[in-house]
Amino acid sequence: QVQLVEFGGGLVQPGGSLRLSCAASGLTFSNYAMSWYRQAPGKERELVASITSGGSSTNYADSVKGRFTISRDNAKNTAYLQMNSLKPEDTAVYYCKVVHILSRNTYWGQGTQVTVSS
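Residue numbers here run from 1 along each chain, matching the order of that chain's written sequence. In keeping with the predicted nature of the model, local features appear solely for residues at pLDDT of at least 70, side-chain atom pairs appear and are counted solely at 80 or more, and the whole-chain, interface and lining totals rest on all residues. Hydrogen atoms and water are omitted, and side-chain values are computed over all heavy atoms in the structure.

> Sorry, what's going on with the pattern of salt bridges here?
Close approach of charged atoms allows side chains with opposite charge to pair. The working definition used for a salt bridge is a side-chain nitrogen of Lys or Arg within 4 Å of a carboxyl oxygen of Asp or Glu. Under the counting rule described, the total for this entry stands at 4 salt bridges. Residues aspartate 90 and arginine 67 are paired through a salt bridge, measuring 2.7 Å at the closest nitrogen-oxygen approach. In this pair, aspartate 90 is assigned in the loop between β8 (78-83) and β9 (92-100) and arginine 67 in the loop between β6 (58-60) and β7 (68-73), connecting sequence segments 23 residues apart. Aspartate 90 gets classed as buried once you look at its relative accessible area, which sits at 0%. Remark: exposure states derive from per-residue accessible area (1.4 Å probe, protein chains only) relative to the maximum for the residue type, with buried under 20%, exposed over 50%, and partly exposed in between. Classification of arginine 67 as buried rests on a relative accessible area of 10%. Secondary structure counts use DSSP, requiring at least four H or I residues in a row for a helix and at least two E residues in a row for a strand, with both numbered from the N terminus.

> How should I be thinking about the sheet that holds β7 in this particular structure?
Sheets are built from strands that pair by backbone hydrogen bonding, the pairs being arranged parallel or antiparallel. The 4 strands are arranged β1-β3-β8-β7 in an open sheet whose pairing can be described as antiparallel. Single-partner strands in this sheet number two, and they are β1 (3-7) and β7. Within this sheet the neighbouring strands show an average axis-to-axis angle of 15°, counted without direction. Only when DSSP finds a minimum of two bridges between them are two strands counted as paired. With 6 bridges connecting them, β7 and β8 associate as antiparallel partners. Note on β8: the bridge partner recorded for aspartate 73 is threonine 78. Each axis is a line fitted through C-alpha atoms, and for a helix only the stretch in contact is used; angles between axes span 0 to 180 degrees, taken between their N-to-C directions.

> Help me understand the nonpolar core in this model?
General note: in soluble globular proteins, nonpolar side chains tend to be found buried as a group. Counting 29 residues, the largest nonpolar core has Met34, Trp36, Val48, Phe68, Leu81, Met83 and Tyr94 as the members making the most contacts within it. Mapped onto this core, the elements with two or more residues apiece are β3 (18-25), β4 (32-39), β5 (46-51), β7, β8, β9 and β11 (112-116). Working definition of a nonpolar core: buried Ala, Val, Leu, Ile, Met, Phe, Trp, Tyr and Cys residues. They are joined through side-chain atoms within 4.5 Å.

> In this structure, what is going on with the layout of surface pockets? I would like to understand it.
Think of a ball as big as a water molecule: rolled over the atoms, this probe shows where empty space is left. We place a 1 Å grid over just the protein atoms. Points where a 1.4 Å probe fits but has no way out form a cavity, open points with protein on both sides within 12 Å along at least 5 of 7 lines form a pocket, and any residue with an atom within 4 Å of a point lines it. Grid points are joined across faces, edges and corners, and a volume is the space filled by probe spheres set on the points. Size it by volume and the largest pocket reaches roughly 190 Å³. Forming the boundary of the largest pocket are 15 residues, of which Arg38, Ala40, Lys43, Glu46 and Glu89 lie nearest the centre. Each residue gets one label: Ala, Val, Leu, Ile, Met, Phe, Trp, Tyr, Cys and Pro are nonpolar, Asp, Glu, Lys and Arg are charged, and the others, such as Gly, are polar. For the lining of the largest pocket, the per-class residue count stands at 4 nonpolar, 3 polar and 8 charged.

> What is the right way to read the environment of phenylalanine 68 from this model?
In this structure, phenylalanine 68 sits in strand β7. Judged by its relative accessible area of 2%, phenylalanine 68 falls in the buried class. Sequence spacing of phenylalanine 68 and alanine 49 is 19 residues, and the spatial spacing of their C-alpha atoms is 8.2 Å. What makes two residues a contact is simply this: any of their non-hydrogen atoms within 4.5 Å. If we skip the residues at most four places from it in the chain, phenylalanine 68 touches Arg38, Val48, Tyr60, Leu81, Gln82, Met83, Asn84, Leu86, Asp90 and Tyr94.

Shown next as structure tokens:
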């Protein structure tokens, strides 16, 4: 059974940092591209960052470029999102998603809340 579990969310002051983790099980993690999405109250879910299956290429939403860094450790079946210089508008539930590089099978985590507030 495939399972993605996000953790590392919480409450942080503006300008602070958090590191989210997404731990995968029940799949061969290195065969999946991985992305982080977020959804703020009343808004649509949006792509934050993505990384290829081997980790050689990354992409970011314009709103987080220069502040967020996506990475992965395939030996640990885990991906990360390092978030620096956080802003109140970064407040959202953050989700990880994986997509198989051939079959395009897709799995989502349950989400972790990030709140940026003073």
